[in-house]
Structure formats: C-alpha cells, structure tokens
Amino acid sequence: MAQLEVTSDKDQLDKVMGFIHGCLGDLGVSETSMMQLELAVEEIFVNISNYAYEGTGKVWIGCDVEKDTMSITITFKDSGAEFDPLSMPEPDTSAPALDRPIGGLGIFLVKRNVDGISYRRRDGYNILTIEKRLS
C-alpha cells in the first residue's frame, strides 16, 4: 500500500491528488471514474482540513490499487476531533436548496460516487476508507 503524509491544509490538495493519480499509474481509468474519485477525495480531504483540527495537523492517506479487479481503496487517517461523517442524516435533496440546512451534502456526494465507505475510530484516530471499482 502506498502512503502519503501531509498537513491538514487545503493547499496540500494538489499533492493529495497527485498521489492518487500516481497510485493509478497507467491503468487507463475512464474519465467518469476519475471524476467521481477526484470528487470523493477532494471532499474528504477538504473536510478534514476544515474541521478535524484547531489549526493544522497531520493526515495520512493510504492507497491500494487492485489491478486484477480494477479497484482502488483509499484510507484517510487523522488524529483530529472524533467525527463519524457516516452518522450524519441524509440530506433532503427534494427540498428547495434555500430551504435545506447547511452541511451534509458533501458526504452524500461521496457516498453516491464510491462503491463502499466505512468509518472507525481507533487508538485516537479517525479512519475513513473508500472503495471504488474503476472502469
């Protein structure tokens, strides 16, 4: 599994995306799969950057690509404030945008663009893992 350690600073997003692209190598991932994966990674990393720490902290990202099944597993780990994004209620997307409460739409979009997502808190770390089949 390839690993990257960065500070929880949105300015590190390009480095994170470069790491993910590097993990994929020359697999020939479709534009649709790449866009969905990029959206999920950006949303998760920016949320960690914005909310996990008062100030900045560390974020560890692990990437495991299975070439046989054309799938990727990405794990985000931080020691910031405990937060399970999967415990948040689904937003009411049928309500007009101005009537919806702020927040919750990002993880909703992540869930819709990946094939699996899980969260656990272990040894003082938030660990969020996404899985995506690539085409």
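Residues numbered from 1 in each chain as written. Predicted model: local features only at pLDDT ≥ 70, side-chain atom pairs only at ≥ 80, totals over all residues. Heavy atoms only, no water.

Peer 1: In this structure, what is going on with the pairing of strand E5 (residues 125–133)? I would like to understand it.
Peer 2: A regular strand carries its side chains on alternate faces of the sheet. Bridging between strand E3 (residues 71–78) and E5 involves eight bridges; their strand directions are antiparallel. Within the sheet, the bridge partner assigned to phenylalanine 76 lies in E5 and is leucine 128. As paired strands, strand E4 (residues 116–122) and E5 are joined by seven bridges and run antiparallel to one another. In the sheet register, glycine 116 faces E5, and the bridge partner there is glutamate 131. (Pairing = 2+ DSSP bridges. Helix = DSSP H or I, 4+ residues; strand = E, 2+ residues; numbered from the N terminus.)

Peer 1: Is there a simple way to explain a nonpolar patch on the surface in this structure?
Peer 2: A cluster of nonpolar side chains, contributed by Leu39, Leu105 and Leu109, occupies part of the molecular surface with about 210 Å² of accessible area. Following the sequence through the fold, leucine 109 ends up in helix H3 (residues 105–113). The class for leucine 109 is partly exposed, based on a relative accessible area of 35%. (Patch = residues over 30% accessible without salt bridge, like charges linked within 9 Å, V, L, I, M, F, W, Y side chains within 5 Å. Areas by Shrake-Rupley, 256 points an atom, 1.4 Å probe, with all protein chains shown as cover. Salt bridge = Lys/Arg side-chain N within 4 Å of Asp/Glu carboxyl O. Buried < 20%, exposed > 50% of the residue type's maximum accessible area, 1.4 Å probe, protein only.)

Peer 1: How do you make sense of helix H2 (residues 31–51) when you look at a structure like this?
Peer 2: Side chains of residues three or four places apart in an α-helix project in the same direction, reflecting 3.6 residues per turn. Under the 1.5 Å per step criterion, the end-to-end length of H2 is 30 Å for 21 residues, consistent within 8% with the ideal 30 Å. Among the residues of H2, those classed as buried are Ser33, Met34, Leu37, Ala40, Val41, Ile44, Phe45, Val46, Ile48 and Ser49. (Expected span 1.5 Å × (residues − 1).)

Peer 1: Just to check I follow, could you spell out the pattern of salt bridges for this structure?
Peer 2: Proximity of charged atoms lets side chains of opposite charge pair with each other. Inspection of every chain in the model, using the stated rule, returns two salt bridges. The salt bridge involving glutamate 5 is made with lysine 58; its shortest N-O contact spans 3.5 Å. Taken together, the positions of glutamate 5 in strand E1 (residues 2–7) and lysine 58 in strand E2 (residues 58–66) put the pair 53 residues apart, joining distant regions of the chain. On the basis of relative accessible area, glutamate 5 is assigned to the partly exposed category, the value being 43%. Its relative accessible area of 36% is what places lysine 58 among the partly exposed residues.

Peer 1: Any chance you could explain the environment of arginine 121 here in plain terms?
Peer 2: Here arginine 121 shows up in strand E4. With a relative accessible area of 31%, arginine 121 lands in the partly exposed category. Along the primary structure arginine 121 and glutamine 36 are separated by 85 residues, whereas in three dimensions their C-alpha atoms are 26 Å apart. Apart from the residues within four sequence positions on either side, arginine 121 is in contact with Gly80, Ala81, Glu82 and Asn126. Separated by 3.1 Å, the side chain of arginine 121 and the backbone oxygen of glycine 80 make a polar contact. A polar atom in the side chain of arginine 121 sits 3.3 Å from the backbone oxygen of glycine 124. (Contact = heavy atoms within 4.5 Å. Polar contact = N/O pair within 3.5 Å; in protein donor to acceptor, adjacent residues only side chain to side chain.)

Peer 1: Explain the sheet that holds E2 here, please?
Peer 2: Through backbone hydrogen bonds, the strands of a sheet pair up, either in parallel or in antiparallel fashion. The five strands are arranged E1-E2-E3-E5-E4 in an open sheet whose pairing can be described as antiparallel. At either end of the open sheet lies a strand with only one pairing partner, and these are E1 and E4. Each neighbouring strand pair of the sheet contributes to a mean axis angle of 15°, computed without reference to strand direction. Set on the sheet, helix H1 (residues 13–24) makes contact with E1, E2 and E3; between it and E1 the angle comes to about 175°. (Axes fitted to C-alpha atoms, helices over the stretch in contact; angles between N-to-C directions.)

Peer 1: Help me understand the pairing of E2 in this model?
Peer 2: In terms of strand pairing, E1 meets E2 through six bridges, oriented antiparallel. Looking at E2, one finds that threonine 7 is bridged to lysine 58. Here eight bridges tie E2 to E3, and the two strands are oriented antiparallel to one another. In the sheet register, isoleucine 61 faces E3, and the bridge partner there is phenylalanine 76.

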